[in-house]
Amino acid sequence: MSQTVRIICPNLSCKKVLAVPESARGKTVRCKACHTAIRVPEAQSPQPASDSK
Ligand SMILES: [Zn+2]
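Residues numbered from 1 in each chain as written. Predicted model: local features only at pLDDT ≥ 70, side-chain atom pairs only at ≥ 80, totals over all residues.

A. Structural detail: the overall build of the chain. Tallying secondary structure elements over the chain gives 0 helices and 4 strands in all. What you see in the chain, going N to C, is helices and strands ordered as β-β-β-β. What you see for the chain is a C-alpha radius of gyration of 14 Å, clearly larger than the 10 Å of a compact globule of 53 residues, by over 25%. In terms of principal-axis extent, the alpha carbons of the chain reach across some 50 × 25 × 15 Å. Buried positions account for 4% of the 53 residues belonging to the chain. Looking at the chain alone, contacts between residues at least 24 apart form 17% of all its contacts between residues at least 6 apart. (Helix = DSSP H or I, 4+ residues; strand = E, 2+ residues; numbered from the N terminus. Rg over C-alpha atoms; globule rule 2.2 N^0.38 Å. Buried ≥ 20, exposed ≤ 12 C-beta atoms within 10 Å, placed from the backbone. Contact = placed C-beta atoms within 7 Å.)

B. Looking closely at the environment of Ser 45. Topologically, Ser 45 is positioned in the segment after β4 (37-39). C-beta crowding within 10 Å serves as the criterion here: with 7 such atoms nearby, Ser 45 is assigned to the exposed category. Considered as a pair, Ser 45 and Pro 10 are 35 residues apart in the sequence and their alpha carbons are 23 Å apart.

C. Region of interest: the pairing of strand β1 (residues 4-8). Burial within β1 is sparse, with just 0 of its 5 residues counted as buried. Across 5 bridges, β1 lies against strand β2 (residues 17-21) in antiparallel orientation. The residue bridging Ile 8 from the neighbouring strand is Val 17, located in β2. (Pairing = 2+ DSSP bridges.)

D. Structural detail: unusual backbone geometry. Although it is not a glycine, Lys 15 adopts a positive phi angle of roughly 55°. Tracing the backbone shows Lys 15 in the loop between β1 and β2.

Encoded structure:
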């Protein structure tokens, strides 16, 4: 299944919501409206890295 990631354009005069594929995580995409480069955040792990030994 191909999920999409929703990111909001950081350009205050744009703020367009962009849907990018999961495969774009960690990469930089360009807003189609204002062409601002936006970095797609990495996937957030469901549980924090708890190192209990
Ligand atoms: Zn934009």
